[in-house]
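So you can see what is in the structure, the chains are spelled out below.
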Amino acid sequence: MNLNRRLDTQTGGGEVTERYKGFIVTLSDNIREDDAKAIINALRMIKGVADVSPVCANADDRIIRARVWHELTDKVFRALENP
């Protein structure tokens, strides 16, 4: 039995709905700390948000992106070579 699912009495229909404890938000690109302050403050203003914690980019992020990019371009080139 999934304990995260509860009977939703607010809808009156007795429907079972999921309950969320949080969300993961990923930025499309790394941004500077001073530019991120506005986004962090906006997220904190959303009703029900208890905490917003930024995650710093590091060398591992660049390595992972480079590997993913390499794998993706390699697959595209292979697909184009063998139609």
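Notes on the structure follow. The residue numbering used here restarts from 1 in each chain and proceeds along that chain's sequence as written. Under the rules for a predicted model, residues below a pLDDT of 70 receive no local features and side-chain atom pairs below 80 are neither given nor counted, while totals for whole chains, interfaces and linings still include all residues. Just so you know, side-chain values use all the structure's heavy atoms and leave hydrogens and water out.

1. Observations concerning the packing of aromatic side chains
The line we're drawing: Any two of the Phe, Tyr and Trp rings considered here, Trp counted by its six-membered ring, make a pair once their centres fall within 6.5 Å; the pair's planes then place it as stacked at under 30 degrees, edge-to-face at over 60, or tilted in between. The classification of residues rests on relative accessible area computed with a 1.4 Å probe and restricted to protein chains. Under 20% of the type maximum is buried, over 50% is exposed, and intermediate values are partly exposed.
Summed over all chains, the structure comprises one aromatic pair. Centroid distance Tyr20 to Phe23: 5.9 Å. Interplanar angle 40°. Geometry classified as tilted. Tyr20 sits in the exposed class, given a relative accessible area of 65%. By relative accessible area, Phe23 is classed as exposed at 71%.

2. Some words on the pattern of salt bridges
Note the cut-off: Salt bridge, as applied in this entry: a Lys or Arg side-chain nitrogen positioned within 4 Å of an Asp or Glu carboxyl oxygen.
Taken as a whole and judged by the stated rule, the model has four salt bridges. A salt bridge links Arg32 to Asp34; the shortest N-O distance between them is 2.4 Å. Its relative accessible area of 52% is what places Arg32 among the exposed residues. Connected through salt bridges with shared partners, the residues Arg32, Asp34 and Asp35 form a single ionic network.

3. Considering the environment of Arg19
Keep this limit in mind: Secondary structure follows DSSP: runs of H or I at least 4 residues long count as helices, runs of E at least 2 residues long count as strands, and numbering of each begins at the N terminus. Under this definition, polar contacts are N or O atom pairs within 3.5 Å; protein pairs additionally need one hydrogen-donor-capable and one acceptor-capable atom, and for neighbouring residues in sequence, both atoms have to be side-chain atoms.
When you line up the elements, Arg19 lands in the loop between strand S2 (15–18) and helix H1 (33–44). Take Arg19: its relative accessible area is 37%, and that puts it in the partly exposed class. Among the polar contacts made by the side chain of Arg19, one reaches the side chain of Thr17 at a distance of 2.9 Å.

By themselves, these figures tell us nothing about what the structure is for.
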